[in-house]
Structure formats: C-alpha cells, structure tokens
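# Examination of the molecular architecture
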Amino acid sequence: MEAEDEPNTGVLLFLPYRALESRVFAALAEAGFDDFTPAQARVLQRVGPHGTRLTELAAQAQITKQTAGFLVDQLEKAGYVTRVPDPHDKRARLVCGAERARAAKEVADAVVAEVEREWAAHLGAHRMRQLREALTLLREITDPWA
C-alpha cells in the first residue's frame, strides 16, 4: 500500500473509537439502556459530578445551545438527568446526572475496561502505555476542557 492510500491519523484515531462506541452501545442496549442516542450520550458524558450548565454542555459537545437543550429535554424525559437551580446563580440551572445515568455509566465503564484490556493484549503493555501517553499529550493541545 502506498503512503497516499493509507488512512490519515484522524481516521486511524476514529476507527478504534467507533468500534469501542459500538460495543458500549450494544452492551447498554442489552442491559436495558436502549433509549438514548449517540448524540444524547455525547452530551450526557459531559455532565459534571456537581452538575453542568446547559451553555457549557453545548460548548463542550460543540453544538448549539438549542440543540443541547433539546437533547437534555430528551434525557430528562428518559430519566437520565435532572435540572436543579445553580447554587451560585439563582437565575441559572444545572443539568445533573440521575441514578439511571450512573447505572448506565457502570455498564459502559465495564465495556471500556474490557476493550482496553483487549487492546493492551493486542498491542502489548509497552505499546498500550505509549499510545495512552501520546494521546494524553495530544489532549493538551486538542481539548480546551482538559
């Protein structure tokens, strides 16, 4: 294969992520958490332990505030989040994870751990550690919320 035919680095990063995400969603569906979409999950993943404002969720998910509001409305109806007054600003509300979200996260975390063990077995412990170190360094320049 010639170099120009090889996938670029972005694609090489995306393919394992998509495989991981597919396994997580399959396990979640099997465990009864089949009532949310990947778009909703991307917002849900960004809800902090003490709640997060909608505007912050939108910025982190790189979507409009209106889209974030729509997705949070859906997550709230399905029991994954609640909205509570922000104790630091009575005009604002925080989106907080509900018990259903915590239960789904336990399932997802178990699958992620399993996949990472498989990747480590395939790559070897040294290469897996190097991969994590390299990605952590890239996060410094790619993730403004790190």
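Below: a short report on this structure. Nothing here was measured: the structure is a model prediction, and the numbers come from that model. (Residues numbered from 1 in each chain as written. Predicted model: local features only at pLDDT ≥ 70, side-chain atom pairs only at ≥ 80, totals over all residues. Heavy atoms only, no water.)

Closest axis-to-axis distance for the helix α3 (residues 54–61)/helix α4 (residues 65–77) pair is 8 Å, and the angle between their directions is 110°. Taken together, the axes of α3 and α4 are roughly perpendicular relative to one another. Residue-level contacts link Leu54, Thr55, Leu57 and Ala58 of α3 to Lys65, Ala68, Gly69 and Val72 of α4. Tallied by class, the residues present in the contact of α3 with α4 amount to five nonpolar, two polar and one charged. (Axes fitted to C-alpha atoms, helices over the stretch in contact; angles between N-to-C directions. Helix = DSSP H or I, 4+ residues; strand = E, 2+ residues; numbered from the N terminus. Parallel < 35°, antiparallel > 145°, perpendicular 65-115°, else oblique. Contact = heavy atoms within 4.5 Å. Nonpolar A, V, L, I, M, F, W, Y, C, P; charged D, E, K, R; others polar.)

This part covers unusual backbone geometry. The phi dihedral of glutamine 62 falls on the positive side, at around 60°, and the residue is not glycine. Here glutamine 62 lies in the loop between α3 and α4. The exposed category is assigned to glutamine 62, whose relative accessible area is 69%. (Buried < 20%, exposed > 50% of the residue type's maximum accessible area, 1.4 Å probe, protein only.)

This next bit is on the packing of aromatic side chains. The geometry of an aromatic ring pair is captured by the separation of the ring centres together with the interplanar angle, meaning the angle of the planes. If you walk through the whole model with that rule in mind, you get two aromatic pairs. Ring centres of phenylalanine 25 and phenylalanine 36 lie 5.7 Å apart, and the angle between their planes is 55°; this geometry places the pair in the tilted category. Here phenylalanine 25, found in helix α1 (residues 9–30), pairs with phenylalanine 36, found in the loop between α1 and α2 (38–44); they are 11 residues apart in sequence, far enough to count as distant. Between the aromatic rings of phenylalanine 36 and tyrosine 80, the centroid separation amounts to 5.0 Å while the plane-to-plane angle is 70°, which identifies the pairing as edge-to-face. With phenylalanine 36 in the loop between α1 and α2 and tyrosine 80 in the loop between α4 and β2 (81–86), this pair connects stretches of sequence that are 44 residues apart. (Phe/Tyr/Trp six-rings, centres within 6.5 Å; stacked < 30°, edge-to-face > 60°.)

Compared with an ideal rise of 1.5 Å per residue, which puts 25 residues at 36 Å, helix α5 (residues 99–123) spans 36 Å between its outermost C-alpha atoms and is within 8% of the ideal. Buried within α5 we find Ala101, Ala104, Ala108, Val111 and Val115. Next to the buried residues of α5 lie α1, α2 and β3 (89–97). (Expected span 1.5 Å × (residues − 1).)

On to the pairing of β3. Relative to β3, strand β1 (residues 52–53) is paired through two bridges, and the arrangement is antiparallel. Within β3, the position partnered with threonine 52 by the bridge is valine 95. Pairing analysis gives six bridges linking β2 to β3, with the strands arranged antiparallel. Bridging from a neighbouring strand, valine 81 pairs with glycine 97 of β3. In textbook terms, the turn of a hairpin is the stretch between consecutive antiparallel strands, and for β2 and β3 this stretch comprises two residues. (Pairing = 2+ DSSP bridges.)

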